[in-house]
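# Structural description and commentary
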Amino acid sequence: MSPAAAATPTSDRPSENLVIWADGRLVGPGEEALSAVDHGLTVGDGVFETCAVFDGQAFALSRHLRRLARSAAGLGLDAPDEQRVLDGVTAVLAEADARTRAGAGGVGRLRITVTAGVGPLGSGRTPGAQTVVVAAGPATISPAGRAVRSPWTRNERSAVAGLKTTSYAENVVALADAVAKGGDEALLANTAGDLCEGTGANVFVERGGELVTPLLASGCLAGITRELLLEWAAEDGLPVREARPEELPFAVLDEVTAGEAALLLTGSVRNVQPVTWLDGVDVAAGELSLAARELFERSRRERLDP
């Protein structure tokens, strides 16, 4: 498998090796673990992070933990107990490694979820201990993405804009629509008509000799892979930057299908992935997009926790 292809875990196969730690103990996929009135379950009152796992280790874990804390603060939750989270990460990766050595498939992603804990059936919270769940599972790999323009928009003025919360129904619906149309990611505009993000990925447009990504003010998530690509590209001299206001209208995707621009997706279980199909049209991976993928691959091998 090529280094570029090895960078992009994109889908789970839970029957092979799924390891779950819930509030201090390892549990099976079908085992009872959470209260039926956990606020993360009843109203989606929680935050989460997903890390890629390379060679049995979580990539960029420190950055993910900092973003977990930022999301919690934005949602009005107490800061997650970092040591408790790390205990779960350690337990899960150790168990996954043991299973892999025993013949199970390897894991490619790690998910950390923190909820408000047991609460009322309504939206109000009951102060108390948070629920922490850490899970790891396998991931398949794809060197290129297939994207579809979504008919729905991202609300950049939402109370949870830019936060990674467990209230993910909008993303589920948009992604299901994209899959039904032959894609593996949906691209969303914001309410102002600007290109914003995918359901689980940030987006870069290659045009005019640059790779340009929407501003965080567009309502997109402050992606870890997005952040690292911007940093590493600056170090390496690759022309990658954030957009200026109104520089990337949603209609810029017409330039991609016309062959006048190229598209790149980034995400923690996608890494840096050129798009080669958009809305039923085969499109070419951009030269800069391929260079960015190679840069990210090289750099992430050298820095496990950048």
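How each quantity is defined
- Sequence order sets the numbering: in each chain, residues are counted from 1 along the sequence as written.
- Given that the model is predicted, a residue must reach a pLDDT of at least 70 before its local features are reported, and side-chain atom pairs must reach 80 or more before they are shown or counted; all residues, however, enter totals for whole chains, interfaces and linings.
- Side-chain measures here rest on the full set of heavy atoms in the structure, leaving out hydrogens and waters.
- Between the N-to-C directions of two axes lies an angle of 0 to 180 degrees, each axis being a line fitted to C-alpha atoms and, for a helix, fitted only over the stretch in contact.
- Secondary structure elements are taken from DSSP: a helix is a run of H or I of four residues or more, a strand is a run of E of two residues or more, and numbering for both begins at the N terminus.
- If an angle is under 35 degrees, it is roughly parallel; if it is over 145, roughly antiparallel; if it lies from 65 to 115, roughly perpendicular; otherwise it is oblique.
- Note on definitions: a residue-residue contact is assigned when non-hydrogen atoms from the two residues lie within 4.5 Å.
- In this classification, the charged set is Asp, Glu, Lys and Arg, the nonpolar set is Ala, Val, Leu, Ile, Met, Phe, Trp, Tyr, Cys and Pro, and all remaining amino acids, among them Gly, are polar.
- Only protein chains enter the area calculation, which uses a 1.4 Å probe; residues under 20% of their type maximum are buried, those over 50% are exposed, and those in between are partly exposed.
- Pairs of strands are assigned from DSSP output, requiring at least two bridges between the strands.
- For our purposes a nonpolar core is just a set of buried Ala, Val, Leu, Ile, Met, Phe, Trp, Tyr and Cys residues, chained together by side-chain atoms within 4.5 Å.
- Aromatic rings from Phe, Tyr and Trp, with only the six-membered ring used for Trp, were paired whenever their centres fell within 6.5 Å, and each pair was classed as stacked if the ring planes differed by under 30 degrees, edge-to-face if by over 60, and tilted otherwise.
- Criterion for a charge above a ring: Lys NZ or Arg CZ within 6 Å of the ring centre, and within 35 degrees of the ring normal.
- The salt bridge criterion pairs a side-chain nitrogen of Lys or Arg with a carboxyl oxygen of Asp or Glu, the two atoms within 4 Å.
- How far each domain reaches was decided by an automatic or database domain assignment.
- Two parts placed together each lose some accessible area; with a 1.4 Å probe, that loss summed over both constitutes the buried area.
- Two N or O atoms form a polar contact when they lie within 3.5 Å of each other; inside protein one atom must be a possible hydrogen donor and the other a possible acceptor, and for residues adjacent in sequence the pair counts only when both atoms belong to side chains.
- Residue count minus one, scaled by 1.5 Å, sets the expected span of a helix.

## Brief notes about the packing of helix H5 (residues 224–236) against helix H7 (residues 287–302)
Here H5 crosses H7 at 95°, and the two axes come no closer than 10 Å. Taken together, the axes of H5 and H7 lie roughly perpendicular to each other. Packed against H5, whose contacting residues are Thr225, Leu228, Leu229, Trp232, Ala233 and Asp236, the element H7 presents Ala292, Leu295, Phe296, Arg298, Ser299 and Arg300 at the interface. Looking at the contact of H5 with H7 residue by residue, the class counts come to 7 nonpolar, 2 polar and 3 charged.

## Topic: the pairing of strand S6 (residues 109–115)
In terms of residue burial, S6 counts as a mostly covered element, since 6 of its 7 residues are buried. Relative to S6, strand S4 (residues 46–54) runs antiparallel, the two sharing 7 bridges. Within S6, the position partnered with Thr50 by the bridge is Arg111.

## Quick word on the nonpolar core
Ranked by internal contacts, the top residues of the largest apolar core, which has 25 residues, are Leu61, Val85, Val89, Val92, Leu110, Ile112 and Val134. Of all the secondary structure elements, the ones that give two or more residues to this core are strand S2 (19–22), S4, helix H2 (61–75), helix H3 (82–101), S6 and strand S7 (131–137).

## Topic: the packing of aromatic side chains
A full pass over the atoms with the stated rule returns 4 aromatic pairs. With 5.2 Å between their ring centres and 80° between their planes, Phe48 and Tyr168 make a pair best called edge-to-face. On the criterion of sequence distance, the pair formed by Phe48 in strand S4 and Tyr168 in the loop between strand S9 (145–154) and helix H4 (169–180) is long-range, its members being 120 residues apart. The exposure class of Phe48 is buried, given its relative accessible area of 4%. Summarising the aromatic geometry, the rings of Trp232 and Phe296 are spaced 5.2 Å apart at their centres and angled 45° between planes, so their arrangement reads as tilted. Linking Trp232 in helix H5 with Phe296 in helix H7, this pair joins segments that are 64 residues apart in sequence. The ring of Phe48 carries Arg111 above its face, with NZ or CZ at 3.8 Å from the centroid. Seen from the ring of Phe54, Arg300 lies directly overhead, with NZ or CZ sitting 3.8 Å from the centre.

## A look at the environment of Ile112
The topology assignment puts Ile112 in strand S6. With 78 residues separating them in the primary sequence, Ile112 and Asn190 have C-alpha atoms 27 Å apart. Among all residues touching Ile112, those that are not within four sequence positions of it are Val47, Phe48, Glu49, Leu61, Leu65, Leu68, Val85, Val89, Val133 and Val134.

## Looking at the pattern of salt bridges
The tally for this structure, following the rule as stated, stands at 23 salt bridges. Between Arg270 and Asp184 there is a salt bridge whose closest N-O contact spans 3.3 Å. One end of the pair, Arg270, is in the loop between strand S15 (262–267) and strand S16 (271–278); the other, Asp184, is in the loop between H4 and strand S10 (185–190), with 86 residues separating them in the sequence. Classification of Arg270 by relative accessible area gives buried; the value is 9%. Take Asp184: its relative accessible area is 27%, and that puts it in the partly exposed class. The closest approach of N and O atoms between Arg241 and Glu247, which form a salt bridge, is 2.7 Å.

## Observations concerning the domain arrangement of the protein
What the domain assignment reports for the protein is domain 1 (19–137) and domain 2 (145–302). Contacts between domain 1 and domain 2 engage 24 residues on the former and 20 residues on the latter. Between domain 1 and domain 2, a total of about 1700 Å² is buried, with carbon and sulfur atoms accounting for 62% of that surface. Its largest share of buried area at the contact with domain 2, domain 1 owes to Phe48, Arg63 and Arg67, together 36% of the area lost on that side. Put simply, domain 1 and domain 2 have 2 salt bridges between them. Across the salt bridge formed by Glu231 and Arg63, the nearest N and O atoms sit 2.9 Å from each other. There are 10 residue pairs in polar contact (both at pLDDT 80 or more) connecting domain 1 and domain 2. The leading source of residues in the side of domain 1 that touches domain 2 is S4, at 8 residues.

## Some remarks on H2
A turn of α-helix holds 3.6 residues, and therefore any two residues three or four places apart point the same way. Under the 1.5 Å per step criterion, the end-to-end length of H2 is 21 Å for 15 residues, consistent within 8% with the ideal 21 Å. Of the residues making up H2, those classed as buried are Leu61, Arg63, His64, Leu65, Arg67, Leu68, Ser71, Ala72 and Leu75. Buried positions along H2 lie against S4, strand S5 (57–58), H3, S6 and H5.

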